[in-house]
Amino acid sequence: MSIYIKRLSISLIIVIACIMTFNYIVDPLAFYRLPTWYKAQYTTNARYQLPGLIRNVPYDTLIIGTSMSRNFVESDMNAIWDVTSFNASIPSGTAREMKLAFELGARSHPELKNVLWELNFYSLARPPEDVEDEQGEFPYYLWDDALWNDVRYLFSLYPLKRAREIFFANIRHDHRFRDIEKLFKFPGSQPLTVDKVKELINIPSSVAKSDYQFEIMLRNFRTNVLPVVREHPNVQFYFFYPPYGVFWHVRAHKQNPDYLEGITLLKSAIFEELAPYENAHLYDLQDQVEITHDISKYIDVAHYVPAINQWILEYIHDEPPLSSLAEAAAKAQALKEQVLTYRLD
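Before going into details, it helps to say that this report is about the structure given with it. Note that the structure is predicted; figures quoted are calculated from it, not measured. Every chain's residues receive numbers from 1 upward, in the order its sequence appears when written. It should be noted that, the model being predicted, local features are given only for residues of pLDDT at least 70 and side-chain atom pairs only at 80 or more, the latter also being counted only at that level, while totals for whole chains, interfaces and linings use all residues. Side-chain numbers come from the whole structure's heavy atoms, not from hydrogens or water.

Time to look at empty space enclosed by the protein. Of the two site types, the cavity is a set of points on a 1 Å grid over the protein atoms alone where a 1.4 Å probe fits but cannot get out, and the pocket is an open set with protein on both sides within 12 Å along at least five of seven lines, each lined by residues with an atom within 4 Å of a point. Grid points are joined across faces, edges and corners, and a volume is the space filled by probe spheres set on the points. For the structure on display, the rule yields four cavities of 30 Å³ or more. The computed volume of the largest cavity comes to approximately 50 Å³. For the largest cavity, the full set of lining residues is Arg 70, Glu 74, Phe 86, Asn 87, Ser 89, Ile 180, Phe 184 and Lys 185. Here the nonpolar group is Ala, Val, Leu, Ile, Met, Phe, Trp, Tyr, Cys and Pro; Asp, Glu, Lys and Arg are the charged ones; every other residue, Gly included, is treated as polar. When grouped by side-chain class, the residues that make up the lining of the largest cavity number three nonpolar, two polar and three charged.

Pairing between two strands is assigned when DSSP locates at least 2 bridges connecting them. For the purposes of this entry, the term helix denotes a DSSP run of H or I that reaches at least four residues, the term strand denotes a run of E that reaches at least two, and both are numbered from the N terminus. If you trace the five strands from one edge of the open sheet to the other, you get 2-1-3-4-5, paired in parallel fashion. Of all strands in the sheet, those bounded by a partner on one side alone are strand 2 (85–87) and strand 5 (280–284). Averaged over all neighbouring strand pairs, the angle between strand axes comes to 15 degrees, with direction disregarded. By the bridge criterion, three bridges tie strand 1 (residues 61–64) to strand 2 in an arrangement that is parallel. Note that in strand 2 the partner of Thr 61 across the bridge is Ser 85. Geometry is summarised by axes, namely lines fitted to C-alpha atoms with helices restricted to the contacting stretch, and by angles between N-to-C directions that run from 0 to 180 degrees.

To locate leftover empty space, one rolls a probe as large as a water molecule over the atoms. By volume, the largest pocket amounts to about 220 Å³. Residue lining of the largest pocket: 14 residues in total, with Ser 67, Ser 92, Val 207, Tyr 244 and His 303 positioned closest to the centre. Partitioning the lining of the largest pocket into residue classes produces eight nonpolar, five polar and one charged. Each pocket or cavity is described by its volume, and for the second largest pocket that value is around 180 Å³. Taken together, Ser 92, Tyr 122, Ala 125, Arg 126, Glu 132, Glu 134, Ser 206, Val 207, Ser 210 and Asp 211 form the lining of the second largest pocket. Broken down by class, the residue content of the lining of the second largest pocket amounts to three nonpolar, three polar and four charged.

Let us now look at helix 12 (residues 246–255). Taken across its ten residues, helix 12 has eight buried, putting it largely inside the fold. Val 246, Phe 247, Trp 248, His 249, Val 250, Arg 251, Ala 252 and Gln 255 are the residues of helix 12 that are buried. Should any heavy atoms of two residues lie within 4.5 Å, those residues are considered in contact. Of the surrounding secondary structure, the elements contacted by the buried residues of helix 12 are helix 9 (194–200), helix 13 (259–274), helix 14 (289–292) and helix 16 (325–341). Partly exposed residues are those whose accessible area sits between 20% and 50% of the maximum for their type, while under 20% is buried and over 50% is exposed, using a 1.4 Å probe and protein chains only.

Along the polypeptide, Arg 219 turns up in helix 10 (residues 214–224). According to the relative accessible area criterion, Arg 219 is partly exposed, its value standing at 44%. The spacing of Arg 219 and Pro 128 is 91 residues in sequence and 7.2 Å in space, taken between C-alpha atoms.

Moving on: the environment of Val 228. For Val 228, the location among the structural elements is in helix 11 (residues 226–231). On a C-alpha basis, the gap between Val 228 and Ala 307 in space is 30 Å, while along the polypeptide they are 79 residues apart. Contacts of Val 228, omitting those with residues within four sequence positions, involve Lys 99, Phe 102, Trp 117 and Phe 237.

Turning next to the pattern of salt bridges. Any carboxyl oxygen of Asp or Glu that lies within 4 Å of a side-chain nitrogen of Lys or Arg is treated as forming a salt bridge with it. A full pass over the atoms with the stated rule returns 17 salt bridges. For Arg 162, the salt bridge goes to Glu 165, with nearest N and O atoms at 2.4 Å. With Arg 162 and Glu 165 both in helix 8 (residues 157–172), this residue pair falls three residues apart, about one helical turn. The exposure class of Glu 165 is partly exposed, given its relative accessible area of 28%. With a shortest N-O distance of 2.8 Å, Arg 176 and Asp 174 are connected by a salt bridge. What makes Asp 174 buried here is its relative accessible area of 13%. Connected through shared salt-bridge partners, Arg 55, Arg 107 and Asp 145 make up one network.

And the structure:
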């Protein structure tokens, strides 16, 4: 019996070692290195794929945000800003996830110079430690530098499944999902119409009903955003509020009584929090009527057409950031008035 157990144990060790060695060599999530001996086919599961790309893609400028930032095209930013950029935006990303993305980028790229960081109220309207794990466990082990928990990656069925998919993609000459720049982008579909907005604006939304209390959002900002600015004085941070359509704010206000007052107070507070830091630059794009009131510039009640991402890059590159508390408060108040007086024709 003891010989059987010993042989079984040795066999299990060999099998585990083979699986871990295979996953390390193939490295289907590009966790240790970008593939060179086979043609990559990346997964669009951002929380699993992004850590390897953040580690291994060369860049000096990092883009952090939610799906509102996914259509920032790196080659566009490189041309406009004269940088080498990588877009690490995470769909429905929380403030904690954005902090993890920045910290991983800063550790793996000591030469990091700039960060374009989307400030999204949905990301802040939750407990500071929150990550998005409703679709499955968040893979913390891919986002840190601890070697001991790499076993969660190396001895796992998921990379084996990805290796199989990559193998057959190479056999079939399937070229999808190979271009890193295009990997997480989504195309502009048919623009919205007034009738569609009227329909969507009244549909209950979990996003619109998030906990938009001023104290919760400010605590989250102080926990996940402000410390990285303070701890990285040599990195220039360009923060911006994305230009949601005014009708998005109208929906949130109708469904959540805390929303409008909460974000109005928060904008002034965030300006005051960032004001002492010369490496922090804040832009509020949410009162830009020529964008936010033009329904044709949006593909759904939240997301704008890809051309707006390029406009944001140009605006932040060419225009000065907010320069005073009075200016920040005035722009916040302007949005509040727009929301309260908005009518769909």
